Amino acid sequence: MQAHDQRGSVAPIVQVGQRVRSLISDEATTYQELFSHLYSIGTTTGDYKDDSKDYPEFYRRSMPKTIPEGLQAQINKVQYKTFSGLFPEINRAYITVDSTLFLWDYEADDYVAFDCITDTIISVALVKPKHDVFVESVPYLLAIATTVQVLLCAVVIAPSGEISIGRTHYNISTDNVNMQKIIGTSAGRIFLCGSDGCLYEVDYSLQDGWFRNKIRKLNRTSASMFSTFLPFLQYQSQDGLVDAVLDESRNILYTLTHNSAIQVFDLGEEGDKITKVFEKKDIIKDVQKVIDADEKSPSWLFQIIHLAPIPNYDSRHFDLVAVTEAGLRYYFSVGGDAYGSSDRPNGLELRHIRIPPQIQTSFGRADVPRYHSAFYSTGITFMIEEADELSDYVLALSQSPPNKSSHQTSMTEQYSHYPATIGKVWEIAEIPEQKLSSTLLPLWHSRPGLLKNELALPFQAPPRHFLLFSGRSIETVIKLRPIEHLRYALTQSESLILEDFQKKYGDSEVCCMLFILASGLIPSHESGFAAVTSGIPDSQVTQKALQALFTLAGHATTVQGASTLSPLHNGLMLGLSRILRPIYDAPLIQRREENNEWVYVPSFDAKQYAEIQQQLSSFKRFLDNHNIAVIKGKDSNPNSRNKDWNQKYYKGNEEAIRLEEESLSSMHILIIRSIEALNFLGVLQSVFQIDDVCRILSSRAQNILLSLDFLNFVSTGDGSEMHHELVNALVTMQNEFEKRYLGSVADFLASSCPSWLSDVDTVRIKGLEYLHTAHKLRATEYTIEREDLLNASLQEFLRIPGKINGDQGLLPDICDQYTHLLFFEGIIELCLKCANATDPDDLASSWAKTSPPDDVPSQNLMAARFECYTPIWRLLSLLTSKSEDANALSLASQLLPEVWNKKKSDIFAICFKAKDEAFHYLLYQWHVQHNLGSSLISVRTPYLEDFLKNKCTPRSLALDLLWKLYVSENNYSKATLVLLQQAELPGPHLNLTSRISLLARALANCKGAKSKDELLSGSTLKTLNDRMELAQIQRKVYSEMSSFPDPRIREEALVELNEQLFDISNLYNKFASKYGLFESALAILKVGSYSNPTLVNTLWRNLIDDKMESQANTRRAVECVKECIRRLGSEHFPNQLSFPTDFITQYLEERSFSLIYRTTDVFVDRFWVCQLMLDVGLEYRSLFQIYSDLYSRESDTQKKKHAGLVLLNLIAEWTRQLVSPTCEPTERTYYDHLQSQIQQTVTRVTSFLNQESTVWGDEYSKPKGIDHASSEKRDFEKYTKEITGNTEKLAKGSERKPSYLGAFQETQKSWRREVRGSLPIWELFRKHRKVG
């Protein structure tokens, strides 16, 4: 239990608020709805209780008042007809004497006569006028029906209460129909009950229309045109209407005929339509069947004499009650089922019949009472029985209050039967509640059944008053409640009555009533107390009630571990719940649409606030005066109303007493907060339009306010938050508030609701006031003053950073205002301070560096801290927004461009200088998310490197920024490793070209790193070179894959090759081997130094075949193969693992043979393969060995001839080269070494070809159309001749080239080989720079 001086806290009163809500709910369910009682016909004597045994009786009567003698003399002059009635709304009774109407003021004992009518008056009614026809000074109309016409007369009430009646121009003929009854609606509609059985409506307007008069009479029973324009032709029923009643809570009208038939008319949801829904004529027969009446029973027993609606706040299932001459009460519903659940009426069903107390078993007997008139209103029924020709008996019935000792579910009624003191009773009416009750009673109409609960309304309404009028005299009957009986018992000192109350209602209920009497909450002159306690002063009753209260107070006890609080506590809690009941669950404001716009309106007016506040103030004063709810800390003995009592009962009941003390203290706090809240809301409503205040609130606050009821407003955290929001709105409207309230917001809050404010609130409001004052100063004219005010507000807010961002939730709004005022530095400082106050142990910094916490409390803490930074991100976004951003332009326009730009750079500098590590991580991430990551490179903070290494997302951008950061710091070794990591990072953010570029950058940085750098060893450079080589292979795979025929496979593979760097195995297995990429496969085998001659030969065979078959033209096919071999030779030669020259030459010759001897249209040079291999770089001596072996192994004669010719051509070319002046000395050395072998080969080949000269080309020439024979013969002769000549020249020692030319030629050849090996050009130049 918290002490009351901890102001602003709602924790101590949450439970008592819940208890109040529970009591209200329990009381509403305890007093059951009418339908739950009347589930069957009541036939037992237990259903009724004669209150004549109680003293005083529950119905008390005032002294009758008799009409003035002058009015009596006028009545005695009657010639044709006189009748009377009551208009309690204007404190008048009316009497008609032929054509004259008299209005008698029964309170002032005065009367006025209205004699401007010439025809006999049949009926009169006081009705409301239409608002668009009559002015506001005419609150009522008198609708008067005569034998000839219906007139409308204006009623004007002077401030003194005097009434004047003026005849208007609105009158219309009755068309020979007597209008037996007139009723009106609150909207000004007027209905007439015709003796012809029809219901009429008088419709009037300001002026005539095209097809209507300004007053007309409409037949609502028969809706034909004849009934409207030719009324004399309409059907006339013999069963005339005698009564009509209106249920304005449902907009339903009922009529009653002479023969007890009931008609139902639906006026529509808004009451502006009318439709006849149903007519029930066989009611009497239905009743006789239900109660099994004797056939000889007289019909008058069931004849209806009175109709009364049951409004929806009285019952949601029953809609109408009818009273018969025998006192039977019929209960009807108009819905489609037994529960009356239809929205609109669609029938009339008899649901229950209730028998009066005196005739439960007396049907058919002569002594059955016969009632000539009756009245029903909200649970109270009057029936008038004739005693003789000059007097009547009155039977008054009402539903009994909730009884603690009664457990029956059927309705129990108490009744009183007495002779009328005014003679014959012809009219009964209830004085309207608005003339007697408080302003709060209308709030109860939305609570079915509670208006009948006499225990629940001691504060809001006095007892109900009824008027009985005989035409000569009038008396007031007051329905007393239990609290009036209790007051009488106290004045009479009758302890037996008090004990009886305890038995009936329980100790808690009696304590509640005693508290009400002892506190003076209901003065006797404002209630029905005077009817039972005339002459007894309030002070005497108060003293006796106080004594009785503490006598019955009891004490809190603990029995078997369960605590039971005292009757005094429970009674006080019950009293508090009844004071708060009218407003406890109603929203503080409502929203409705006006002129196509939503507006906010209060749910209560200032008078209602003031009345409840007055009652709560009396409650608090009673508690304070009698020291019942003592605040802890003020007294060593909290419950000090009786120290001896405490000592006697404390032992063994410690826990129960402690709970009661806490509850009483919390109740005291709730009362104080409620009083102050009512005062606050009342002033707020009287000073401003509530709509203006609500529009300042945020959308979230508006929604909370719309859903917040009063009890939650004063007892929950949402209520406190809403109070803060409203205070903030007041600060925003401070200028207007000071003008209207003549004081500052702080002074107003300190005086009106001090318990709502803590020291934190005071600081907060002071800061808001500084801020609001700064708003009023122009930046260009009051720069210094404005900056001082802004700094002053910041200093105030820095005192309560935890509250600014915590339960106050003001940080975003304050920062928005600082932004508008260009106080950007204040935003940074306040947000960082709030973040530190939210997480004082700086746990978020470790979470920011590692990973978010797993437990919910820690997650909430981190989220709360990070939320503090949100205004900073909003500010930075504004400062970096594009030039066309409206907000940025608006702010920038207040300063010179150079000042604005400097302010922006200063703000970022302040952010980077912050010592909040968690903030730095989020700041860097904000830069990354807003494409400003490159600006971080120039930042020098201790957190950036760790952020980029561990927390920055996306990872690709983090690595890009990280290597650039290292380069800016000249840390090339770290940059190298990061570049390699970035190149190898999988994902679509980089393509293959970019990855190779990154590898190249890594190599460059690696070479630029310091030699002593331990991060980069020799293996690092080798790794980079290997990775670059593999990347080049992958690029080759990519290039080759780009020509793959299947588009789907091609696109998938290219995407995969772009998104990551593969190792050699995956390149081969996933791409080269899988998709037949022969060139890529060879390159992979070369890089991997993989020795598998069979696999390599297969790849070359497939590659050559593929190139050959890719071209339809033979010449193009040869050229395609040449281009491929030259290109691959430059890449692979002289590496025999990937470029096996023996196999390539032999297979090319095999394909060349097919082309030469099987072609049909193109001549193919037989020496093209040999020349191609020479172009690749193969030396003569190597080719000689290859072709010698090929010739030796060949068994096919024609192929052997072809190989021999090529071999001879090769030797001829070799010797021609040897005799050339540019021949290299080493080449001659090679030749000399092989000279004997060459001579033997030439001899062998020549001999073979000479032997086969008879078959030159016979096998191939003629079928193919090409003369191969002459070509072969010519080539043979040519080659042998050239070999012989060159050999002779060599033998004779032909002219040799200078030695330096041979050296130069050797250098050129070496250079060519090295270029084919992809050495850098500068390395080649460096190696051979001495040549020449």
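Residues numbered from 1 in each chain as written. Predicted model: local features only at pLDDT ≥ 70, side-chain atom pairs only at ≥ 80, totals over all residues. Heavy atoms only, no water.

The next subject is the sheet that holds strand β18 (residues 262-266). Sheets are built from strands that pair by backbone hydrogen bonding, the pairs being arranged parallel or antiparallel. Overall, antiparallel pairing links the 4 strands, which are arranged β16-β17-β18-β19 in an open sheet. Each edge of the open sheet is held by one strand with a lone partner, namely β16 (241-247) and β19 (275-280). In this sheet, adjacent strand axes meet at a mean angle of 20° when their direction is disregarded. Note that strand β17 (residues 252-257) and β18 share 5 bridges and pair antiparallel. Across the sheet, the residue bridging to Leu253 is Phe265, located in β18. (Pairing = 2+ DSSP bridges. Helix = DSSP H or I, 4+ residues; strand = E, 2+ residues; numbered from the N terminus. Axes fitted to C-alpha atoms, helices over the stretch in contact; angles between N-to-C directions.)

Mean pLDDT over the chain works out to 81, with 82% of the residues at or above the 70 mark. Of the regions scoring below 50 in pLDDT, residues 41-46 engages in 16 contacts with residues more than four places distant in sequence or in other chains. (pLDDT = per-residue confidence, 0-100. Contact = heavy atoms within 4.5 Å.)

The end-to-end C-alpha distance of helix α12 (residues 606-625), which contains 20 residues, comes to 28 Å, matching closely the 28 Å that a straight helix rising 1.5 Å per residue would cover. Gln608, Tyr609, Glu611, Ile612, Gln615, Leu616, Ser618, Phe619, Phe622 and Leu623 are the residues of α12 that are buried. Where α12 is buried, its residues meet α9 (507-519), α10 (538-552), α11 (567-580) and α14 (654-687). Where α12 begins, the side chain of Asp605 points an oxygen toward the backbone nitrogen of Lys607, at a separation of 3.2 Å. Looking one or two places after α12, you find Asn627, whose phi comes out positive at around 55°. (Expected span 1.5 Å × (residues − 1). Buried < 20%, exposed > 50% of the residue type's maximum accessible area, 1.4 Å probe, protein only. Polar contact = N/O pair within 3.5 Å; in protein donor to acceptor, adjacent residues only side chain to side chain.)

Below, the discussion takes up the sheet that holds strand β14 (residues 199-204). Spatially, 4 strands are ordered β12-β13-β14-β15 in an open sheet, and the strand pairing comes out antiparallel. Sheet topology places β12 (179-184) and β15 (215-219) at the edges, where each strand pairs with a single neighbour. Each neighbouring strand pair of the sheet contributes to a mean axis angle of 25°, computed without reference to strand direction. Bridging between β14 and β15 involves 5 bridges; their strand directions are antiparallel. Bridging across to β15, Tyr200 finds its partner in Asn219.

In this section: the pairing of strand β22 (residues 329-333). When you tally the buried positions in β22, you get 5 out of 5 residues, the bulk of the element. Residue alternation in β22 divides its side chains into two sets, Arg329, Tyr331 and Ser333 and Tyr330 and Phe332, and both sets are buried. Between strand β21 (residues 320-324) and β22, which follow one another and run antiparallel, lie 4 residues, and Gly327 among them has a positive phi close to 90°. Relative to strand β23 (residues 349-354), β22 runs antiparallel, the two being bridged by 5 bridges. From the neighbouring strand, Tyr331 faces β23, where its bridge partner is His352.

Tallied over the full model, the rule gives 36 aromatic pairs. Centre to centre, the rings of Trp1100 and Phe1139 are 5.2 Å apart; their planes meet at 85°, and the pair counts as edge-to-face. Taken together, the residues Trp1100 in helix α40 (residues 1093-1109) and Phe1139 in the loop between α41 (1114-1132) and α42 (1141-1158) connect sequence positions 39 residues apart. Residue Phe1139 is classed as buried on the basis of its relative accessible area of 0%. Through a chain of ring-to-ring contacts, the aromatic side chains of Tyr59, Phe375, Phe382 and Phe466 assemble into a single cluster. The aromatic ring of Tyr170 is capped on one face by Lys214, whose charged end is 5.6 Å from the ring centroid. A cation over a ring is seen here: Lys1200 above Tyr1191, with NZ or CZ 4.2 Å from the ring centre. (Phe/Tyr/Trp six-rings, centres within 6.5 Å; stacked < 30°, edge-to-face > 60°. Lys NZ or Arg CZ within 6 Å of the ring centre and 35° of its normal.)

Turning next to the pattern of salt bridges. Counted by the stated rule, this structure contains 56 salt bridges. The residue Lys130 makes a salt bridge to Asp203 at a minimum N-O spacing of 2.7 Å. Of this pair, Lys130 sits in the loop between β8 (121-127) and β9 (140-146) while Asp203 sits in strand β14, placing them 73 residues apart in sequence. Assessed through its relative accessible area of 15%, Lys130 is described here as buried. The partner of Asp1175 in a salt bridge is Arg1126, and the shortest N-O contact between them spans 3.5 Å. Of this pair, Asp1175 sits in helix α43 (residues 1168-1176) while Arg1126 sits in helix α41, and the two are 49 residues apart along the sequence. We classify Asp1175 as partly exposed; its relative accessible area is 33%. (Salt bridge = Lys/Arg side-chain N within 4 Å of Asp/Glu carboxyl O.)

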